[in-house]
Amino acid sequence: RLAHHNEYDFFLTPRALVKYSISPETIVRDSVGTGFRTLNLFSEDSSILATSRNIIITEELEPEKAINFGVNLVQYFTMNDISGNFVIDFYRTNFINQIIPDYDSDPSEVTFGNLNGDSYSNILQAEASVNFIKKFDGKLSYKYSDVSYTQNGIEQEYPFVSKHNVLSSLTYAPDDDNWSATVIVEWFGKQRLPSTSSNPVEYQRPIESDPYTLVGLQFTKRWELFEFYTGIENLLNFMQEDPIISNNDPFGPYFDTSFIWGPTMGREIYAGFRFRLDQFWKFKKQDNEK
């Protein structure tokens, strides 16, 4: 790929993709390439505008550049009334340049500058999807995120990223598919949080978040042209305690909304209708043919 940028002229971002079928049930995919992007600072990090932190840009921000590669393995299986697949992905990114906000050096500031050191991410995900008795669909996935960078000569984990994440779901639908019910459970591991050690004691926060679990339920009823759905999000009613620092003094020097790492709203019940355009045009086409 050859692209032209109005500020940075021409640049190349080559990429190679390879697919190899070991057997009809086993497929491997590989990719390697480069990436190039410019940062939209205040749209991508808009949360800093809702804090009292001073925004410091230490130098002219260069485009972000990276080299990445990944491998994907898909294994399909069938056994009696059970069918499904197992997928494992590994993706590695090495950043040549990256714009990383520095929340740690000074709790009253957030500093932006070009990468001065190493930055990388290793993402490993394993997922199994199973259909059994032709009525149940189950999914279980695990994601491991190793995302680190060097800042001021110190290597540290990227903030607000769960190193471990588990997602599971189970759906039941009868043979006529007139209705279905789904339960989703997702677990988030600890996240590193920026340091607030220089704040007054009442405005300090832990350096790690708590792990938490979200549970959701949904029921869907289908007719020829309409669907009705209802459900519950955050069934366990988990909420992050005191998510906004100095919330009683929004114009004070310690006010900060950037420490939100978990749900701030409790249990929610919802319901709605969908109009199925695909079915509508299908019936209309059949009527025209008659």
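In what follows, the accompanying structure is described. The numbering scheme is per chain: residues are counted from 1 as the chain's sequence reads. With the structure being a predicted model, the display of local features is reserved for residues of pLDDT at least 70 and the display and counting of side-chain atom pairs for 80 or more, all residues being used for whole-chain, interface and lining totals. Calculated side-chain values reflect all of the structure's heavy atoms, with hydrogen atoms and water omitted.

Once that is clear, we can look at the environment of Glu208. We count a stretch as a helix when DSSP gives it H or I for four or more residues in a row; a strand needs E for two or more, and each element gets its number in order from the N terminus. Checked against the element boundaries, Glu208 lands in the loop between β13 (179-188) and β14 (212-222). Remark: the alpha-carbon pair of Glu208 and Gln191, spanning 17 residues in sequence, is separated by 5.5 Å.

Our next topic: the pattern of salt bridges. Salt bridges are identified by distance alone: a Lys or Arg side-chain nitrogen within 4 Å of an Asp or Glu carboxyl oxygen. Scanning the entire structure with this criterion turns up 11 salt bridges. Here Glu157 ties to Lys163 by a salt bridge, and the two come within 2.9 Å at their closest N and O atoms. Among the residues examined, Glu157 registers a relative accessible area of 33% and is labelled partly exposed. A simple rule labels every residue: compare its accessible area, found with a 1.4 Å probe on the protein chains alone, to the largest value its type can have, and call it buried under 20%, exposed over 50%, or partly exposed in between. For Lys163, a relative accessible area of 23% puts it in the partly exposed group. Between Asp242 and Arg205 there is a salt bridge, and its shortest N-O distance comes to 3.0 Å.

Quick look at a nonpolar patch on the surface now. A cluster of nonpolar side chains, namely Leu73, Phe77, Met79, Ile82, Phe86, Ile88 and Leu124, defines an oily patch on the protein surface of about 530 Å² accessible area. Secondary structure elements with two or more residues in the nonpolar patch: β6 (64-79) and β7 (82-97). Within the secondary structure, Phe77 is located in strand β6. Each patch is built from residues lacking any salt bridge and having more than 30% relative accessible area; the joining distance is 9 Å for like charges and 5 Å for nonpolar side chains (Val, Leu, Ile, Met, Phe, Trp, Tyr). Note that accessible areas follow from Shrake-Rupley with a 1.4 Å probe, and for residues the cover is restricted to the protein chains shown.

The next subject is the pairing of β7. One requirement defines pairing of two strands: DSSP has to find at least two bridges between them. Pairing of β6 with β7 involves 15 bridges; the strand directions are antiparallel. Paired with Met79 across the strands is Ile82, a residue of β7. Connecting β6 to the next strand, β7, in antiparallel fashion are two residues, including Asn80 with a positive phi near 55°. With 13 bridges joining them, β7 and strand β9 (residues 119-132) adopt antiparallel strand pairing. Bridge assignment links Ile82 to a residue of β9, and that residue is Phe132.

In this approach a probe as big as a water molecule rolls over the atoms, and the regions it shows empty are the leftover space. Throughout, the protein atoms alone are placed on a 1 Å grid, and a set of points is a cavity if a 1.4 Å probe fits but cannot get out or a pocket if it is open with protein on both sides within 12 Å along at least five of seven lines; lining residues have an atom within 4 Å of a point. Grid points are joined across faces, edges and corners, and a volume is the space filled by probe spheres set on the points. Put simply, the largest pocket is a space of about 340 Å³. Lining the largest pocket are 16 residues, and of these Glu44, Asp45, Pro101, Tyr103 and Tyr158 lie nearest its centre. Looking at the second largest pocket, its volume works out to about 290 Å³. In terms of lining, the second largest pocket is formed by 16 residues, of which the most central are Val215, Gly216, Ile232, Glu233 and Asn234. Looking at the lining of the second largest pocket, the elements with two or more residues in it are β13, β14, β15 (226-233) and β16 (268-275). Take the lining of the second largest pocket: its biggest share by element is five residues, from β14. Three classes are used, and their members are as follows: Ala, Val, Leu, Ile, Met, Phe, Trp, Tyr, Cys and Pro are nonpolar, Asp, Glu, Lys and Arg are charged, and the others, Gly among them, are polar. Each residue belonging to the lining of the second largest pocket can be placed in one class, and the counts come to nine nonpolar, four polar and three charged.

Before going further, it helps to spend a moment on the nonpolar core. The set of buried Ala, Val, Leu, Ile, Met, Phe, Trp, Tyr and Cys residues whose side-chain atoms join them within 4.5 Å is what this entry labels a nonpolar core. Counting seven residues, the largest nonpolar core is built from Phe188, Leu193, Tyr203, Tyr212, Ile245, Phe259 and Trp261. Residue contacts are counted whenever heavy atoms from the two residues lie within 4.5 Å of one another. Excluding residues that lie within four positions of it along the chain, Phe259 makes contacts with Arg53, Phe160, Leu193, Pro194, Thr196, Arg205, Gln240, Pro243 and Ile245. Membership of the second largest hydrophobic core comes to six residues, among which are Leu41, Ile99, Tyr103 and Phe112.

Bringing empty space enclosed by the protein into the picture now. Counting across every chain of the model gives one cavity of 30 Å³ or more. The computed volume of the largest cavity comes to approximately 40 Å³. Surrounding the largest cavity, Ser145, Val147, Glu157, Tyr158, Val161 and Lys163 form its lining. Tallied by class, residues from the lining of the largest cavity come to three nonpolar, one polar and two charged.

What counts as a ring pair is set by centres within 6.5 Å for rings of Phe, Tyr and Trp (its six-membered ring), and what kind of pair is set by the plane angle: stacked under 30 degrees, edge-to-face over 60, tilted for all other angles. Under the counting rule described, the total for this entry stands at 17 aromatic pairs. Between Phe160 and Phe259, the aromatic rings sit 6.3 Å apart at their centres with planes inclined by 80°, giving edge-to-face as the arrangement. Placement of the pair is Phe160 in the loop between β11 (154-157) and β12 (164-172) and Phe259 in the loop between β15 and β16, with a sequence separation of 99 residues. When the NZ atom of lysine or the CZ atom of arginine is within 6 Å of a ring's centre and also within 35 degrees of its normal, the charge is said to sit over that ring. A cation over an aromatic ring shows up here: Arg274 above the ring of Tyr229, its NZ or CZ 4.2 Å from the ring centre.

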